[in-house]
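Coordinates in review
Below, each chain spelled out in residue letters.
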Amino acid sequence: MKRRRFVLALSALPALALAAGCADQRAHTHAVYLLVDTSGTYAEEVGKAQLIVNYLLGTLQPGDSLAVARVRSRSFSEKDIIAKATFDQRPSQANAQKRVLRDQVEAFTGSARSSVYTDITGGLIQGAMFLNETGAGKKTILIFSDMQEELDKAAVRNFPIDLKDIRVVAVNVVKLKTDNVDPRRYLGRLEDWEKRVVAAGAREWRVINDIEHLDALLKS
Amino acid sequence: MADSPFWVIWPGNPALSALLWFVIAMPFLYAARAPVHGLLRSLGALANGPLRLAARTLAATARDLRERNRAVLFAQGREETAERIGREFERVAALVKRDLEGYPALQRKLLDEITRVEEDYKKCGEVPPPPPDWVEAVSAVAKIKPVNGNELVLRVLEEINDSIKSIHEKTLAEYRRAYESRHKILDGFMPFWRSLDKTLAQADARMTNLSDRAASIDAQMERYEMIVKKTDRAEHALTTSALTQFFVATLVLAVAAGGALVNFKLIALPMSEMVGAGDYLTATLRTSEVAALVIIFVEAAMGLFLMETLRITHLFPKIHGLPERMRKRMMWTAFVLLLCLAGIEAALALMRDMLIADKQALLQSLAATQAAAADGWIGRIPTVGQMLLGFILPFALAFVAIPLESFVNSARTVGGAALVVLARALAAALRVAGNFFKHLSRVLVTLYDILIVLPLIAERWVKQARPAGKPPRVAGLHAGERP
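Residues numbered from 1 in each chain as written. Chains lettered and ligands numbered in written order. Predicted model: local features only at pLDDT ≥ 70, side-chain atom pairs only at ≥ 80, totals over all residues.

Right, let's talk about the overall build of chain A for a bit. A tally of helices and strands in chain A yields eight helices and six strands. Reading the helices (α) and strands (β) of chain A from amino to carboxyl end gives α-α-β-α-β-β-α-α-β-β-α-α-β-α. Within chain A, the proportion of its 220 residues that are buried is 36%. Sequence-distant contacts, at least 24 apart, represent 79% of the contacts inside chain A between residues at least 6 apart. (Helix = DSSP H or I, 4+ residues; strand = E, 2+ residues; numbered from the N terminus. Buried ≥ 20, exposed ≤ 12 C-beta atoms within 10 Å, placed from the backbone. Contact = placed C-beta atoms within 7 Å.)

See below:
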């Protein structure tokens, strides 16, 4: 792989001046927005979110962006972003930023409180806004939730949302007690989300319950 | 019926319909025989002509190329051999200067030693004085027999005997002393003899060396004469030499490319700390990788200039034409820049190690695993090794200039020879293709005649039935053409 890159670099050198003007710097960066559900019984799963954050910190490169936000009764707010960072181009600085971000998320997982309602849609809109602002080439929203949305009466979320060019991945979608009674509820819930996300223009919809499978997804 | 194609005369039997059509068409085919033959031949010629022309042109190009290659090869060979002869003469001049400068001293030393040896030889030639003549008188006295026991005579004789004995002992001692001194002289003679032998051997070795150089010049001159005469043997020798040089240079350049790859790996990561890791020049090419490559190329260029200014390579005539002072300045500049780049590379290698260690520590903290214990000075070995490698590789890359020059020089010959072979092969292929089309037209003419064999047989019968005389010209049949 290195050798191929070396040969590529060697052959591309004469066309460097020409290419320099054409290259899109943002196309290579990756921005990830992790939504962590803290509502109801799912708040017990928050510890696992730390693993995902750690994994993301180990995988993301300098120049990439990461934001971790919580899903609460109303999640369309910057205040729900627990930690965010666009990593420096210099690897040493990027590593320092990653350490800080890890500490922030650790502090959050240690003190997370359960919320009454679950506003996943609000979190998605907030996430899409953050990702679009980064201007990254690859944009991913990871939803660490059971995907059971419960809104209070005042919250309005039944309108079309825009997730254009964003990949949406539901992670660790645990089965509820009612799902065990009738698995169609679980499958139907996921199907509804898929329809909604695809209708919002998302590039891809995936459900990953085994965190190890996240590796292949993020590398693709 | 409605399903049958339009040409089917006999419904349900296409074969018979085709036969009927063929029979109907036969008279027309017979009538069109001459123009069809002409058309087929023309088509054959149309394909064959340009192909043959192209083949001839290519063959001529190959000849021209070969001539040009020969000219270039001989010019290169002449230049190279002249340079070698010049270098041999320089060596001989240095040898003669060195040896002949010391020749008067050597000659003086030799003469001194010869003179000493001669003197010693003369000294050795001095013999001790012979026994005095009175020995005979003593012998005569000794023969006298005492008469009647005369005591006086006896006493005299005894006195004489004693005196003679003492004189004899003295003479003998003197004789021994003389021989002893001669032996001593001979002992002292040996070192001079050895020194003389050594000096002569030295002179002989120098003469042999000079003779070897002369033989080498003779061989080079012979080669030069062959090149000037442009003999096939010289051409073969030069081509073989160029081919060998080409392959050896390619091999060495491949090894150097491997070194450059290692160098690239060493500095690509730390360069991202300088120019950014997420900065891309093209879709897949990072700026840090290109920056690392540029550093390697600059090092190679500095090495090239260093070798050029040291007059080891001759790739840039302008550098060779520079005044001596300017050339030396340029040499030092190239060396200092190379030294700086080597230092930078060593620092980058250290930074690479630090970055990797930092990343490793971060990953370990993220994975919540215990950090591996430090290995002490053993753990420092890879760091030091990387730094050393980073410092040495630029200097090693500098020597790439030598195989590069060989490669460039021999590539002209090898490339020219390859082009000649290619042109010849292409010319042969075109000639074969041309002949193929020519013969194909003939085959098609024969096939056409086979197709209309019945009218042709009828024509032959008609001809045979006619009375002998001037044969009428048959439609479509040319003179000398077989029906």
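Right, picking up where we left off after that structure.
Here we take up the overall build of chain B. Counting secondary structure elements, chain B contains twelve helices and zero strands. N-terminal to C-terminal, the α/β element order of chain B is α-α-α-α-α-α-α-α-α-α-α-α. The proportion of buried residues among the 483 residues of chain B is 18%.

All names here are of chain A. Burial runs high along strand S1 (residues 30–37): eight of the eight residues are buried. Burial of the side chains of S1 extends over both faces: His30, Val32, Leu34 and Val36 are buried on one face and Ala31, Tyr33, Leu35 and Asp37 on the other. Pairing analysis gives seven bridges linking S1 to strand S4 (residues 138–144), with the strands arranged parallel. Residue pairing for S4: Leu35 is matched across the bridge by Ile143. Judged from the seven bridges that link them, S1 and strand S2 (residues 65–71) form a sheet pairing that is parallel. (Pairing = 2+ DSSP bridges.)

The interhelical angle for the contact between helix H4 (residues 91–111) of chain A and helix H9 (residues 324–366) of chain B, taken along N-to-C directions, is 15°, at an axis separation of 10 Å. With respect to their mutual orientation, H4(A) and H9(B) come out roughly parallel. You can see that H4(A) and H9(B) cross each other, and the crossing is left-handed. Contact residues: Pro91(A), Ser92(A), Asn95(A), Lys98(A), Arg99(A) and Arg102(A) in H4(A); Leu355(B), Asp358(B), Lys359(B), Leu362(B) and Leu366(B) in H9(B). (Axes fitted to C-alpha atoms, helices over the stretch in contact; angles between N-to-C directions. Parallel < 35°, antiparallel > 145°, perpendicular 65-115°, else oblique. Left-handed = near helix turned anticlockwise from the far one by under 90°.)

The next subject is unusual backbone geometry. All names here are of chain A. Residues other than glycine seldom take positive phi values, yet Asn172 does so here, at roughly 55°. In this structure, Asn172 sits in the loop between strand S5 (166–171) and helix H6 (177–181). When the 22 C-beta atoms within 10 Å are taken as the criterion, Asn172 is described as buried.

Next up on the list: the nonpolar core. Counting residues in each nonpolar core, the largest one holds 44 residues, and the members touching the most others are Tyr33(A), Leu34(A), Leu35(A), Leu142(A), Ile143(A) and Phe144(A). Of all the secondary-structure elements, those providing two or more residues to this core are S1, helix H3 (46–59), S2, H4, helix H5 (120–134), S4, S5 and helix H7 (183–199) of chain A. Of all hydrophobic cores here, the second largest spans 35 residues; its members include Ile267(B), Leu293(B), Leu306(B) and Leu393(B). (Core = buried A, V, L, I, M, F, W, Y, C linked by C-beta atoms within 7 Å.)

With that settled, consider the sheet that holds strand S3 (residues 81–86) of chain A. Residues and elements named next belong to chain A. Pairing within the open sheet is mixed, and its six strands lie in the order S3-S2-S1-S4-S5-S6. Each having just a single partner strand, S3 and strand S6 (204–208) make up the two edges of the open sheet. The sheet shows a mean angle of 15° between the axes of neighbouring strands, taken without regard to direction. Across the sheet, H3 is in contact with S1, S2, S4 and S5; its angle to S1 comes to roughly 175°.

With that settled, consider the packing of helix H6 (residues 232–275) of chain B against helix H7 (residues 287–309) of chain B. Residues and elements named next belong to chain B. Two elements in contact, H6 and H7, have axes whose closest approach is 7 Å; the angle formed by their N-to-C orientations is 130°. When the axes of H6 and H7 are compared, the pair comes out oblique. Judged by the twist between their axes, the crossing of H6 over H7 is right-handed. Residue-level contacts link Ala260, Asn263, Phe264, Ile267, Ala268, Met271, Ser272 and Val275 of H6 to Thr287, Ser288, Glu289, Ala291, Ala292, Leu293, Ile295 and Ile296 of H7.

The next subject is helix H1 (residues 14–31) of chain B. Here H1(B) contains 18 residues, and its C-alpha end-to-end distance of 26 Å stays within 8% of the 26 Å for a straight helix at 1.5 Å per residue. Taken as a whole, H1(B) carries its principal kink of about 40° at Ala25(B); the proline Pro27(B) stands between one and four residues after it. (Expected span 1.5 Å × (residues − 1). Bend = angle between axes of the 7 residues up to and from the residue.)

What follows covers the confidence of the model for chain A. For chain A, mean pLDDT is 83; residues scoring 70 or higher make up 88% of the total. Considering only residues more than four positions removed or in separate chains, one finds that residues 17–22 of chain A, a stretch of pLDDT under 50, has four contacts. (pLDDT = per-residue confidence, 0-100.)

Note on strand geometry: in a regular strand, side chains alternate between the two faces of the sheet. Residues and elements named next belong to chain A. Counting buried residues along S2, seven of its seven residues qualify, which places the element largely inside the surrounding structure. Burial along S2 is two-sided: the face carrying Ser65, Ala67, Ala69 and Val71 and the face carrying Leu66, Val68 and Arg70 are both buried. One crossover worth recording links S1 to the parallel S2 by way of H3, and it is right-handed. In the sheet, S2 pairs with S3 via five bridges, with the strands oriented antiparallel. Bridge pairing in S3 links Ala69 to Ile81. (Right-handed = clockwise from strand over helix to strand, strands pointing away.)

On to the environment of Trp193(A), then. Residue and element names in this part refer to chain A. Within the element layout of this structure, Trp193 appears in helix H7. For the pair formed by Trp193 and Gln148, sequence separation is 45 residues and the distance between their alpha carbons is 9.7 Å. Those residues within four positions of Trp193 in sequence are excluded, and the remaining contacts are Met147 and Ala170.

What follows deals with the confidence of the model for chain B. All names here are of chain B. Per-residue confidence for chain B gives a mean pLDDT of 84; residues scoring 70 or more make up 90%. This stretch, residues 474–483, has a pLDDT under 50; its non-local contacts, to residues over four places away or in other chains, come to nine contacts. Model confidence for the complex is summarised by a pTM of 0.63, with the ipTM given as 0.76.

Position of Glu44(A) among the secondary structure elements: in the loop between S1 and H3. Through-space distance from the C-alpha of Glu44(A) to that of Thr109(A) is 9.8 Å; in sequence the pair is 65 residues apart.

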